[in-house]
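A look at the structure
What follows is the residue order along each chain.
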Amino acid sequence: MKFRKREQLLIIYAALIISLNACTSIKTEPQPSSDLSLDYINIQRHIDSANIYFKAHDFYHSLIQWKILHSIQPNNTQYKNRIKVLNRLIERRIKNILKNANLALKSNNTKSAKTRFLAILMLKPNDPNAIQQLKIIEANKETKKQARKTKKYLLKRQQAQNINASKKQLNSLKPRAFKLNKQDHEQSLFYLELGLELFDKKNWRGSIREINKYLTTNPSDKKAINILITSHINLSKIFEDRGHVEPAIQHMEDAVSLEATKKSLHFQLKKCQVLRLMN
Amino acid sequence: MKKNLPIKNKLIRCISLLLFSVIFIALISGCAGVTISHGSSNQNSASNLQSETKNTTPQNLPKLTFAKNDEFVVLISKKGDTLESLALTYLGDIKKSWVIADFNNITKITAKREIIIPLKSHNTIGITQEGVQAIPILCYHRFGKGHTKLAVSEEKFKQQMQYLKDNNFNVIPLRDLYAFLENKSPLPKKTVIITIDDGYKSTYEIAFPILKAFNFPATLFLYTDFTGARDAVSWKQAKKMLASGLIDIQSHSKTHPNMSLKKDNETNTMYKKRINTEIETPEKEIERRLKYKTSIFAYPYGDTNESIINILEKNNYTLGVTVQPGSNTAFSPPYMLKRTMIFGDHDIKDFSNSLVVLDKNFTHQDISQRK
């Protein structure tokens, strides 16, 4: 009799487990949503979406779906609980990822750190710490890029200066060809164009500055040299008229250094020098 | 006692035990099926949540057509509802219609459709499983027939603007990027910015009428020593463009030097003084001529350094643009924004390739592996 009772209990217990198991295996697969034409808000669709997102580890979007459900049925405590639990889960995950991200940062592995901070943002898109860290990483990256570019320019300028120096030193020899890439060529043309514009506007000082920039990469352009000489002469005349002899002489000297064979330039320079003596 | 049991009872006992073990195994395997590997520390809570979720399919769901709280409005659209009308009613701004379009992944509203309107910005940086939102800034120089690569023909420019329109790109002024970079306001999914450097006359004669026809805003960067010259826009033309509300005028230095390079024999003080002049003079000139305060700086040749950025910050500039190719995310440094140069020899395929609106440097799979 005793055994019978025990077996009966066992059977009841088994039946209970079967029914419980049946309850837990309620279909959570996405159901085809009939959102083409709706008369009422499709609550089931949001529940399904929340579950699908959760299964795909996209906790943020799952949370959004529960929040939408909460806005539809504010009195449903189950949704509130879901939001609470999911928030807790997200925070715990963020804490774990952050630990690894900081370790990656310490070991200068910015690529790994970046991916981890992005992973945090996938869970919580407005996380201020992750955003700030990513901003720092990006700023450092861009600063390095800019520094590399400037260094490259300086190197090119140095090369151009070396060429000019060797040209002066070895007057009879032709300078080593300075090959410009397309971008530099565009830039040097831009300087020339600007120099000519300023020359047309009778802005001699600006014209001298821009043409000089152009000549650093195109030192043998005779047309540009002539424009530069004319700008120096004109500026020298302005200084001379205003009684500023020193800068007038300086500009004439610059003009003469560019075209030493022209007698008229020497004459003008002498005229300025005489003026200085008279003063 | 056991020996005295009848065979019938023994049989019942055996069957029950067998049944119990079968049920037990089935239960175990069922649980294993729903358990998701979420990493050791979170495994319990994640699986708890999952099984909890399974148990909560609500029965007798209410029949609602409208719901609202401080985060969302959920409604069934009626005949005559548009993205704009809903944006005006619930977001208070017709221009925010893209918020509804992007959230619901739609381009227009049809009747009897469930529409969700987010009242708060949940994702200002625009991060999704596919990547992070990126904003391309296009950089033009000259328009029309020209012998330089920098000149884009009128036909090509029109074609490019048509492409932006046909592919539903949202063209915004550059100044609107500031709030996005400050993580204060999100931007539409497909956002693009147009900028024009130097201020050649062709900007007024060719680009401006096309931009007006498409109603696309653009930012024009002037370097003030050039403005008013033979081949440049005049101040009168600049004023007219600014008054249209489509063209924003900003600074591109005074003389267009490479500001990151120090001259030979130039001391640090002399260099900083020169950079200061290059930043302050055009700012004053534009303010004097156009009665307009500049806040964005385009570095000549796209080159910058820490000293230049410090001076810009001191002068209350909010953004600085380079010519480093690429698009900008919400994490991009505001004083070193990337811009993609559009050249005259670019065809429409090259152009479309420069419109990168999603930074796919990481994927959701990458993240899943880093639990």
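Residues numbered from 1 in each chain as written. Chains lettered and ligands numbered in written order. Predicted model: local features only at pLDDT ≥ 70, side-chain atom pairs only at ≥ 80, totals over all residues. Heavy atoms only, no water.

Description of the overall build of chain B
A tally of regular secondary structure across chain B gives twelve helices and 16 strands. For chain B, the residues scored as buried account for 52% of the 371 residues in total. Considering only residue pairs separated by 6 or more positions, chain B has 66% of its internal contacts joining residues 24 or more positions apart. Element-wise, carbon and sulfur atoms account for 53% of the exposed surface of chain B, whose accessible area totals about 17,800 Å². (Helix = DSSP H or I, 4+ residues; strand = E, 2+ residues; numbered from the N terminus. Buried < 20%, exposed > 50% of the residue type's maximum accessible area, 1.4 Å probe, protein only. Contact = heavy atoms within 4.5 Å. Areas by Shrake-Rupley, 256 points an atom, 1.4 Å probe, with all protein chains shown as cover.)

Structural notes on the overall build of chain A
When its secondary structure is counted, chain A shows eleven helices and zero strands. Helices (α) and strands (β) of chain A occur, in sequence order from the N terminus, as α-α-α-α-α-α-α-α-α-α-α. Going through the 279 residues of chain A one by one, you find that 42% of them count as buried. Pairs at least 24 apart in sequence give 41% of the contacts found in chain A among residues at least 6 apart. In the structure as shown, chain A presents an accessible area of about 16,500 Å², 57% of it carried by carbon and sulfur atoms.

Here's the deal with the packing of aromatic side chains
Per the stated rule, a full pass over the model turns up 18 aromatic pairs over all chains. A ring pair is formed by Phe 54 of chain A and Phe 59 of chain A, whose centres lie 5.1 Å apart and whose planes are at 45°; its orientation type is tilted. Of the two residues, Phe 54 of chain A and Phe 59 of chain A, neither departs from the other in class, the shared state being buried. Of note, Lys 149 of chain B hangs over the ring of Phe 343 of chain B, and the distance from its end group to the ring centre comes to 4.4 Å. The residue whose ring lies beneath Lys 190 of chain B is Phe 169 of chain B, and the NZ or CZ to ring-centre distance is 4.8 Å. (Phe/Tyr/Trp six-rings, centres within 6.5 Å; stacked < 30°, edge-to-face > 60°. Lys NZ or Arg CZ within 6 Å of the ring centre and 35° of its normal.)

Side note on the pattern of salt bridges
Residues and elements named next belong to chain A. For the structure shown, the criterion picks out 24 salt bridges over all chains. Notably, a salt bridge pairs Lys 141 with Glu 138, separated by 3.9 Å at the nearest N-O pair. In this pair, Lys 141 and Glu 138 both sit in helix H6 (residues 128-169), three residues apart, roughly one turn of the helix. The exposure class of Lys 141 is partly exposed, given its relative accessible area of 37%. (Salt bridge = Lys/Arg side-chain N within 4 Å of Asp/Glu carboxyl O.)

A look at the pairing of strand S3 (residues 114-118) of chain B
The side chains of a regular strand alternate between the sheet's two faces. Residues and elements named next belong to chain B. The buried fraction of S3 is high, at five of five residues. Residues of S3 alternate between two faces, with Glu 114, Ile 116 and Pro 118 on one and Ile 115 and Ile 117 on the opposite face, all of them buried. Relative to S3, strand S2 (residues 72-76) is paired through five bridges, and the arrangement is antiparallel. Considered in S3, the bridge of Phe 72 is made with Pro 118. (Pairing = 2+ DSSP bridges.)

Here's the deal with the sheet that holds S3 of chain B
The three strands lie next to each other as S1-S2-S3 (chain B), forming an open sheet whose pairing is antiparallel. Among the strands making up the open sheet, the edge pair consists of strand S1 (66-68) and S3 of chain B. When strand polarity is set aside, the average angle formed by the axes of neighbouring strands in this sheet is 10°. Packed on one face of the sheet, helix H3 (residues 59-72) of chain A meets S1, S2 and S3 of chain B and runs near 70° to S2 of chain B. Running at roughly 45° to S3 of chain B, helix H3 (residues 83-91) of chain B makes contact with S1, S2 and S3 of chain B of the sheet. (Axes fitted to C-alpha atoms, helices over the stretch in contact; angles between N-to-C directions.)

Some words on the confidence of the model for chain B
Residues and elements named next belong to chain B. Residues of chain B with pLDDT of at least 70 account for 84%, and the chain-wide mean is 86. Note on residues 50-58: pLDDT is under 50 here. Beyond four places in sequence and across chains, it has 20 contacts. Scored as a whole, the predicted complex attains pTM 0.70, and scored at its interfaces, ipTM 0.79. (pLDDT = per-residue confidence, 0-100.)

Re the packing of helix H9 (residues 222-241) of chain A against helix H11 (residues 263-278) of chain A
All names here are of chain A. Direction vectors running N to C along H9 and H11 enclose 25°, while the axes themselves pass 12 Å from each other. Taken as axis vectors, H9 and H11 run roughly parallel relative to one another. Viewed along their axes, H9 and H11 form a crossing whose handedness is left-handed. For the pair formed by H9 and H11, the contact residues are Ile 229, Ile 233, Ser 236, Lys 237 and Glu 240 on the first element and Leu 265, Gln 268, Lys 271, Cys 272 and Leu 275 on the second. Its residues assigned to classes, the contact of H9 with H11 comprises five nonpolar, two polar and three charged. (Parallel < 35°, antiparallel > 145°, perpendicular 65-115°, else oblique. Left-handed = near helix turned anticlockwise from the far one by under 90°. Nonpolar A, V, L, I, M, F, W, Y, C, P; charged D, E, K, R; others polar.)

Considering the packing of H3 of chain A against helix H4 (residues 77-106) of chain A
Residues and elements named next belong to chain A. Interhelical geometry of H3 versus H4 gives an angle of 160° and a closest axis separation of 9 Å. Judged on the interaxial angle alone, H4 and H3 are roughly antiparallel. Considering the relative orientation of H3 and H4, their crossing is left-handed. Along the contact surface, H3 presents Phe 59, Tyr 60, Ser 62, Leu 63, Trp 66, Lys 67, Leu 69 and His 70, while H4 presents Tyr 79, Lys 80, Arg 82, Ile 83, Leu 86, Asn 87, Leu 89, Ile 90 and Arg 93. Split by residue class, the contact of H3 with H4 holds ten nonpolar, three polar and four charged.

Examining the side chain of Gln 187 of chain A
Mapped onto the secondary structure, Gln 187 of chain A falls in helix H7 (residues 182-200). Exposure remark for Gln 187 of chain A: the relative accessible area of 11% places this residue in the buried category. In terms of polar contacts, Gln 187 of chain A uses its side chain to reach the side chain of Tyr 153 of chain A, at 3.0 Å. Those residues in contact with Gln 187 of chain A that sit more than four places away from it in its chain are Tyr 153 of chain A together with Tyr 301 of chain B. (Polar contact = N/O pair within 3.5 Å; in protein donor to acceptor, adjacent residues only side chain to side chain.)

Observations regarding H11 of chain A
Residues and elements named next belong to chain A. Its 16 residues place the ends of H11 23 Å apart at the C-alpha level, agreeing with the 22 Å of an ideal helix rising 1.5 Å per residue. Three or more residues of H11 are buried, namely Leu 265, Gln 268, Leu 269 and Cys 272. Taken down its axis, H11 places every buried residue within 100° of arc, on the same side. Turned more than 90 degrees from where H11 packs its buried face, Lys 263, Phe 267, Lys 270, Leu 277 and Met 278 sit exposed. Next to the buried residues of H11 lie H9 and helix H10 (245-258). (Expected span 1.5 Å × (residues − 1). Arc of directions from axis to C-beta.)

Regarding helix H5 (residues 110-123) of chain A
Counted at 1.5 Å a residue, the expected span for H5 of chain A with its 14 residues is 20 Å, and the 20 Å between its end C-alpha atoms agrees. Within H5 of chain A, twelve of the 14 residues are buried, which leaves the element mostly enclosed by the surrounding structure.

Details of the nonpolar core
Counting residues in each nonpolar core, the largest one holds 60 residues, and the members touching the most others are Trp 66, Phe 117 and Leu 121 of chain A together with Leu 174, Leu 177 and Phe 331 of chain B. For this core, the element with the highest residue contribution is H4 of chain A, accounting for nine residues. Core analysis: the second largest hydrophobic core is formed by 37 residues, Tyr 140, Met 161, Tyr 204 and Trp 235 of chain B among them. (Core = buried A, V, L, I, M, F, W, Y, C linked by side-chain atoms within 4.5 Å.)

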